Amino acid sequence: MKLYAVSDGPPSLAVRMALEALNIPYEHVSVDYGKAEHLTEEYAKMNPQREIPVLDDDGFFLSESNAILQYLCERYAPTSPLYPQGAKERAVVNHRLCFNLAFLYPQISAYVMAPIFFDYQRTEMGLKKLNLALGAFETYLVRAGTKYVAGDALTIADFPLVTSVMCLEAIAFDLGSYPTVRKWYNGFKEAHPSLWAITVKGMEEIAQFEKNPPDLTGMVHPIHPIRKPADK
């Protein structure tokens, strides 16, 4: 099994945490984002979306980190509590995965990651959208009253949400207005140091890029504007 991933991308880190938690051996194939290896025709054979990560399970290629998380559990650990079998319990896990994918991480990515890697600025509107998403997350956690995002046991839903919030910590964003999110996030770190050790390395990279944005002038991106060196 191979995982084509970057060292600091939240989706890549979430999958790596799941592989660690499930004790599944794999080869980490580093994708050089700065050299745009994910935009090549060769990479597109594995993932036409040209996004990261991609799982190669003996020739079975799977992209979209949520799908990878679900596949790993269903294929290699079907009875694992990381992906509970009860209909309602699993529905909550799936909801949290979708919530992060469609609602929370897009706002975190736009506010934190896009201005670091591309020619975007942080705006008041971006902050408003981010706070809206964090407010919804806070509400879900308060209403559930559980230790983790989808119950009182760790599930694969925690992994992408942890790596999303990690981006906020990388830029020293204050979670004081979201005490339940902060409690869950810090609790994860304390309860699962081996999993957090995977993520903290990515956070440290993002924090360094926040201070010194990477030079991506060699990349021709189909969507995002590349920051010119003089604009750093």
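Given the structure is predicted, the values throughout are model-derived calculations rather than measurements.

### Focus: helix α7 (residues 179–191)
Working step 1: Here α7 is 13 residues long and its end C-alpha atoms lie 18 Å apart, about the 18 Å a rise of 1.5 Å per residue gives.
Working step 2: Buried within α7 we find V181, W184, Y185, F188 and K189. For α7, the angular spread of buried residues about the axis comes to 135°, placing them on one side. The exposed set on the far side of α7, more than 90 degrees from its buried face, consists of K183 and E190.
Working step 3: If you follow the buried residues of α7, they end up packed against α1 (10–21), α5 (124–144), α6 (158–170) and α8 (193–211).

### Description of the sheet that holds strand β1 (residues 2–5)
Working step 1: Sheet architecture is open: four strands sit in the order β2-β1-β3-β4, paired in mixed fashion. The sheet is open, and its two edges are formed by β2 (27–30) and β4 (60–63), each paired on a single side. Sheet twist, expressed as the mean angle between neighbouring strand axes with direction ignored, is 20°.
Working step 2: Pairing between strand β3 (residues 54–57) and β4: four bridges, direction antiparallel. When the sheet's bridge partners are listed, D57 is paired in β4 with F60.
Working step 3: The strands touched by α1 are β1 and β2; relative to β1, the strand with the most contacts, the crossing angle is about 155°.

### Re the packing of α5 against α7
Working note: a packed helix pair is described by the angle between its axes plus the distance between those axes.
Working step 1: One way to put it is that α5 packs onto α7 with a least axis distance of 8 Å and a crossing angle of 75°. As summarised for this structure, α5 and α7 are arranged roughly perpendicular, according to the angle between their axes. Counting all contacts with α5, which are made through L134, F137, E138, L141 and V142, the residues of α7 involved are P179, T180, V181 and W184.
Working step 2: Residue composition of the contact of α5 with α7, by class: seven nonpolar, one polar and one charged.

### Some thoughts on the environment of L195
Working step 1: Mapped onto the fold, L195 is located in helix α8.
Working step 2: Setting aside anything within four residues of it in sequence, one finds L195 in contact with M17, E20, A21, L154, F159 and F188.

### Quick look at the nonpolar core
Working step 1: Counting 68 residues, the largest nonpolar core has L72, V112, F137, I156, F159 and W184 as the members making the most contacts within it.
Working step 2: Sorting elements by how many residues they give to this core places helix α4 (residues 87–117) first, with 11 residues.
Working step 3: A domain split of this core shows at least three residues from each of domain 1 (2–77) and domain 2 (87–211).
Working step 4: The residues touching F159, leaving out its near neighbours within four places in the chain, are A14, M17, A18, A21, L69, L82, L154, F188 and L195.
Working step 5: In terms of nonpolar packing, the next biggest core, distinct from the first, is built from seven residues, V31, Y43, M46 and V54 among them.

### Side note on the domain arrangement of the chain
In many analyses, interface size is given as the accessible surface area lost on bringing the parts together.
Working step 1: Domain boundaries in the chain define domain 1 (2–77) and domain 2 (87–211).
Working step 2: Averaged C-alpha coordinates put domain 1 and domain 2 at centres separated by 20 Å.
Working step 3: Counting residues at the interface gives 18 residues for domain 1 and 25 residues for domain 2.
Working step 4: For the pair domain 1 and domain 2, the summed buried area comes to about 1700 Å², and 70% of that belongs to carbon and sulfur atoms.
Working step 5: Broken down residue by residue, the surface that domain 1 buries against domain 2 is led by D8, P10 and M17, which jointly contribute 35%.
Working step 6: At the boundary of domain 1 with domain 2, the tally comes to one salt bridge.
Working step 7: The salt bridge partner of R90 is E74, with a shortest N-O separation of 3.4 Å.
Working step 8: Counting every contact that joins domain 1 to domain 2 gives five residue pairs in polar contact (both at pLDDT 80 or more).

Procedures and definitions
- Residues numbered from 1 in each chain as written.
- Predicted model: local features only at pLDDT ≥ 70, side-chain atom pairs only at ≥ 80, totals over all residues.
- Heavy atoms only, no water.
- Helix = DSSP H or I, 4+ residues; strand = E, 2+ residues; numbered from the N terminus.
- Expected span 1.5 Å × (residues − 1).
- Buried < 20%, exposed > 50% of the residue type's maximum accessible area, 1.4 Å probe, protein only.
- Arc of directions from axis to C-beta.
- Contact = heavy atoms within 4.5 Å.
- Pairing = 2+ DSSP bridges.
- Axes fitted to C-alpha atoms, helices over the stretch in contact; angles between N-to-C directions.
- Parallel < 35°, antiparallel > 145°, perpendicular 65-115°, else oblique.
- Nonpolar A, V, L, I, M, F, W, Y, C, P; charged D, E, K, R; others polar.
- Core = buried A, V, L, I, M, F, W, Y, C linked by side-chain atoms within 4.5 Å.
- Domains from an automatic or database assignment.
- Buried area = accessible area lost by both parts, 1.4 Å probe.
- Salt bridge = Lys/Arg side-chain N within 4 Å of Asp/Glu carboxyl O.
- Polar contact = N/O pair within 3.5 Å; in protein donor to acceptor, adjacent residues only side chain to side chain.

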